[in-house]
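Here are the chains, one letter per residue:
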Amino acid sequence: MIRKGNLEDIESIMDLTKACAKAMIAQGIYQWNDYYPNAQAFETDVKRDELYVLDIDGQVKGTIVISTFMDEVYSPAKWLTENKNNIYIHRVAIHPELQGQGYARGLMDFAEQFAIDNGYSSIRLDTFSQNKRNQKFYELRGYKRLGDIYFPKQSEYPFYCYELVL
């Protein structure tokens, strides 16, 4: 079940994202670290009413943020649509024990349907340039790779911007 996340979920979410970071590092993907994602980011997501969680038998096993806020780091990107009426996807995570079973697909289906139902013109996101699995995942869903952005506290490598025009 996908539901709105709340402040009581933050501890479980941090355990989840730490498990994801550890699994990615084991594969040589240094996308998440001690700086990101952090509890403060998820607390802000809750306050903005933009955090959703995958709840399986009362346990948080996945997260997705569906935001209307465009982070400043996205400003240089050459988007396919105007910078209005867009949503931004952040912090998609599925517990490593459940990866490869379609749960991320379910979270993205949910986000895409949310965008359609609410009349947004596009969905924007970024993914790490060293995470080929994520790139393929988004590209198979029809997202177009547009340009690079950098998060120096996370990596010297770029993150790729993607957009799906609805």
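Each chain has its residues counted from 1, running along the sequence as written. The predicted origin of the model limits local features to residues at a pLDDT of at least 70 and limits the giving and counting of side-chain atom pairs to 80 or more, whereas totals for whole chains, interfaces and linings rest on all residues. The side-chain quantities take in all heavy atoms of the structure and omit both hydrogens and water.

What follows concerns helix H1 (residues 10-26). Each helix corresponds to a stretch of at least 4 residues labelled H or I by DSSP, and each strand to a stretch of at least 2 residues labelled E; elements are numbered beginning at the N terminus. Under the convention used throughout, the expected extent of a helix is 1.5 Å for every residue step, that is, one less than its residue count. In this model, H1 (17 residues) spans 24 Å end to end at C-alpha, consistent with the 24 Å of a helix rising 1.5 Å per residue. Each residue is assigned to one of three classes by its accessible area relative to the maximum for its type, calculated with a 1.4 Å probe on protein chains only: buried under 20%, partly exposed between the two thresholds, exposed over 50%. When we look at burial in H1, the residues that qualify are Ile10, Ile13, Met14, Leu16, Thr17, Cys20, Ala21 and Met24. For H1, the arc enclosing every buried residue in end-on projection is 160°, short of the 170-degree limit, so these residues lie on one face. Exposed side chains of H1 directed beyond 90 degrees from the buried face belong to Glu11, Lys18, Lys22 and Ala26. At its buried positions, H1 is contacted by helix H2 (39-47), strand E2 (51-56), strand E3 (59-67) and strand E4 (86-94). Glycine 28 sits one or two residues past H1 and shows a positive phi near 80°. Relevant arc is that of directions from the helix axis to the C-beta atoms, nothing else. The contact definition used throughout considers only heavy atoms, calling two residues in contact when any of these lie within 4.5 Å.

Turning our eyes to something else, we now look at the pairing of strand E5 (residues 122-128). With 7 of 7 residues buried, E5 is to be regarded as a mostly interior element. With burial as the criterion, each face of E5 is covered, one bearing Ser122, Arg124, Asp126 and Phe128 and the other bearing Ile123, Leu125 and Thr127. The criterion for strand pairing is that DSSP finds at least two bridges linking the strands in question. Bridge count for E4 against E5 is 4 bridges, and the pairing is parallel. Bridging from a neighbouring strand, isoleucine 87 pairs with isoleucine 123 of E5. Throughout, right-handed denotes a crossover for which the path from the first strand over the helix to the second runs clockwise when the strands point away from the viewer. For the segment spanning E4, helix H3 (residues 103-117) and E5, crossover handedness is right-handed.

It is worth spelling out the packing of aromatic side chains at this point. When the centres of two rings from Phe, Tyr and Trp lie within 6.5 Å, Trp using its six-membered ring, the rings pair. Their planes under 30 degrees apart give stacked, over 60 give edge-to-face, and anything left gives tilted. The tally for this structure, following the rule as stated, stands at 13 aromatic pairs. Seen from their ring centres, tyrosine 138 and tyrosine 162 are 6.3 Å apart, and the 45° between their planes marks the pair as tilted. Taken together, the residues span a long stretch of sequence, with tyrosine 138 in helix H4 (residues 132-140) and tyrosine 162 in strand E7 (residues 159-165) at a distance of 24 residues. In this structure tyrosine 162 comes out as buried when scored by relative accessible area, which is 0%. Taken together, the aromatic side chains of Tyr52, Phe110, Phe114 and Tyr120 make up a single cluster linked through ring pairs. Arginine 48 extends its terminal NZ or CZ atom over the ring of phenylalanine 69, reaching a point 4.3 Å from the ring centre. The ring of phenylalanine 42 has arginine 91 lying over it, and the distance from NZ or CZ to the ring centre is 5.7 Å. Whether a charge sits over a ring depends on NZ of Lys or CZ of Arg being within 6 Å of the ring centre and within 35 degrees of the ring normal.

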